[in-house]
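Working through the structure, step by step
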Amino acid sequence: LRDPALPDPALVVLVGASGSGKSTWAASRFRAAEVVSSDTLRGLVGSGPHDLDASTDAFALLEHIVQARLGRTLTTVVDTLGSDAARRRRWLDLARRAGLPAVVVVLDTPASVCRSRNAARERAVPARVLTSQLASVTGTVAALADEGWDAVHHVRPAADATPPPAPART
Ligand code: CTP
Ligand code: MG
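Residue indices begin from 1 for each chain and proceed along its sequence in written order. Numbering of ligands from 1 and lettering of chains from A proceed in the order in which they are written. It should be noted that, the model being predicted, local features are given only for residues of pLDDT at least 70 and side-chain atom pairs only at 80 or more, the latter also being counted only at that level, while totals for whole chains, interfaces and linings use all residues. Only hydrogens and water are set aside; all other atoms, that is, all heavy atoms of the structure, feed into the side-chain values.

**Here's the deal with the layout of surface pockets**
Note on definitions: the grid is 1 Å and covers protein atoms alone; a cavity is a set of points where a 1.4 Å probe fits but cannot get out; a pocket is an open set with protein on both sides within 12 Å along at least five of seven lines; lining residues have an atom within 4 Å of a point. Grid points are joined across faces, edges and corners, and a volume is the space filled by probe spheres set on the points. By volume, the largest pocket is sized at about 920 Å³. If you list the elements that add at least two residues to the lining of the largest pocket, you get helix 1 (22-29), helix 2 (38-45), helix 4 (85-98), helix 6 (127-144) and helix 7 (157-160). Each helix corresponds to a stretch of at least 4 residues labelled H or I by DSSP, and each strand to a stretch of at least 2 residues labelled E; elements are numbered beginning at the N terminus.

And the structure:
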């Protein structure tokens, strides 16, 4: 069972700062092919998941993959920071055109947890970058209510502390 219960097929847009647990959450609930990750795509067309010079190419691919999957009414989880309003609007339009429900999942992990997880990672995001990500996620959460999503779910670490053993798809 998925928690929260999500429509399927659907567009699922993740929102959360680095270290909030987006990719972990997605991996525990969806098949790898259902998750479209900007980091993964940077790794494919750049020198690695954090090669920011590859962002333009990576996001062009991401848009293409989201469009192709939604056009086939396949469940698509968009694993990015989620804070770009123009991109969110495009993904929502694509889901609407495909007749699919479209939901947002906010990884509402406290800043302190994001920071300590981030610090423990092999390739940590600079502290000031994380600070600005956390601020843009806060702004995004405020904007979501007026964007027309079918649902906006909040996943908090208490509910997500023990990721269920994969595969959780039922
Ligand atoms: N993590 C954890 N417990 C969770 C979720 C994540 O300990 N419930 C750990 C992961 O093992 C990982 C780190 O926190 O080492 C970041 O989790 P990740 O899912 O990679 O976070 P993202 O939001 O995907 O971060 P990024 O934006 O950098 O991809
Ligand atoms: Mg990630």
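**Considering the site of ligand 1**
Around ligand 1, the surrounding shell holds 12 residues, and the nearest of these are Ser18, Lys22, Ser23, Thr24 and Arg121. In this structure, an oxygen atom belonging to ligand 1 sits 2.9 Å away from a side-chain N or O atom of Arg121. Only the protein chains shown count as cover for residues, and the accessible areas themselves come from Shrake-Rupley with a 1.4 Å probe. The protein chains hide 73% of the 610 Å² of surface that ligand 1 would expose on its own. Here the criterion for a molecule occupying a pocket or cavity is that more than half of its atoms lie within 2 Å of the pocket grid points. The pocket occupied by ligand 1, as judged from atoms lying within 2 Å of grid points, is the largest pocket. With three residues, helix 1 is the single largest residue contributor to the shell around ligand 1. Partitioning the shell around ligand 1 into residue classes produces one nonpolar, six polar and five charged. Throughout this document, a residue counts as near a molecule or strand when at least one of its heavy atoms sits within 4 Å of that molecule or strand. Definition of a polar contact: a pair of N or O atoms within 3.5 Å, with one able to donate and the other able to accept a hydrogen when the atoms are protein atoms, and with sequence-neighbouring residues admitted only if both atoms are side-chain atoms. Three residue categories are used. Nonpolar comprises Ala, Val, Leu, Ile, Met, Phe, Trp, Tyr, Cys and Pro, charged comprises Asp, Glu, Lys and Arg, and polar comprises the others, including Gly.

**Notes on the pattern of salt bridges**
A pairing counts as a salt bridge when a side-chain nitrogen of Lys or Arg comes within 4 Å of a carboxyl oxygen of Asp or Glu. Applying the stated criterion to the full structure yields seven salt bridges. Close ionic contact of Asp39 with Arg42 constitutes a salt bridge, the shortest N to O distance being 2.8 Å. You can see Asp39 and its partner Arg42 sitting in helix 2, three residues apart, about one turn around the helix. Burial here depends on accessible area, computed with a 1.4 Å probe over protein chains only, as a share of the maximum for the residue type. Under 20% is buried, over 50% is exposed, and the range in between is partly exposed. When its relative accessible area of 32% is taken as the criterion, Asp39 is described as partly exposed. With relative accessibility at 9%, the residue Arg42 sits in the buried group. The shortest N-O distance in the salt bridge between Asp84 and Arg87 comes to 3.5 Å.

**Focus on the pairing of strand 4 (residues 102-107)**
Two faces, one strand: in a regular strand the side chains alternate between the faces of the sheet. Counting buried positions along strand 4 yields six of six residues, so the element is predominantly enclosed. By definition, two strands form a pair when at least two bridges between them are found by DSSP. Bridge count between strand 1 (residues 11-15) and strand 4: five bridges; the pairing is parallel. Bridge pairing in strand 4 links Leu14 to Val105.

**Describing the packing of aromatic side chains**
Paired rings are identified among Phe, Tyr and Trp, the last through its six-membered ring, by centres lying within 6.5 Å, and are further divided according to the angle between planes into stacked (under 30 degrees), edge-to-face (over 60) and tilted (the rest). Under the counting rule described, the total for this entry stands at one aromatic pair. Arranged with centres 6.0 Å apart and planes meeting at 50°, the rings of Trp25 and Phe30 form a pair that is tilted. Each ring is checked for a lysine NZ or an arginine CZ that lies within 6 Å of its centre and within 35 degrees of its normal; such an atom marks a charge sitting over the ring. Across the ring face of Phe59, the terminal group of Arg87 is positioned such that the distance to the ring centre comes to 3.7 Å.

**Side note on the environment of Leu62**
Take Leu62: it is sitting in helix 3 (residues 55-71). Judged by relative accessible area, which is 0%, Leu62 ranks as buried. For Leu62 and Asp79, which are 17 residues apart along the polypeptide, the C-alpha to C-alpha distance reads 9.7 Å. In contact with Leu62, not counting residues within four places along its chain, are Val36, Ser37, Ser38, Leu41, Val78, Thr80 and Trp91. Contacts are residue-level and defined by heavy atoms, with any inter-residue pair within 4.5 Å sufficient.

**A few points about unusual backbone geometry**
With omega at 5°, the peptide bond leading from Asp8 into Pro9 counts as cis. Positionally, Pro9 belongs in the segment before strand 1. Here Thr73, not a glycine, exhibits a phi torsion of approximately 50°, which is positive. With respect to the helices, strands and loops of the structure, Thr73 is situated in the loop between helix 3 and strand 3 (76-79). For Thr73, a relative accessible area of 39% gives the class partly exposed.

**Quick notes on the packing of helix 3 against helix 4**
The axes are straight lines fitted to the C-alpha atoms, using for helices just the contacting stretch, and the angles between their N-to-C directions are given from 0 to 180°. Packing of helix 3 against helix 4 brings their axes to within 9 Å, and their N-to-C directions diverge by 20°. Put simply, helix 3 runs roughly parallel to helix 4. Taken as a pair, helix 3 and helix 4 cross one another with a handedness that is right-handed. Listed contacts from helix 4 to Phe59, Leu62, Glu63, Val66, Gln67 and Leu70 of helix 3 are Arg87, Arg90, Trp91, Leu94, Ala95 and Ala98. Here the word oblique covers every angle except those under 35 degrees (roughly parallel), over 145 (roughly antiparallel) and from 65 to 115 (roughly perpendicular). By the definition used in this description, the sense in which the near helix is turned from the far one sets the handedness, with an anticlockwise turn below a right angle giving left-handed and a clockwise turn giving right-handed.

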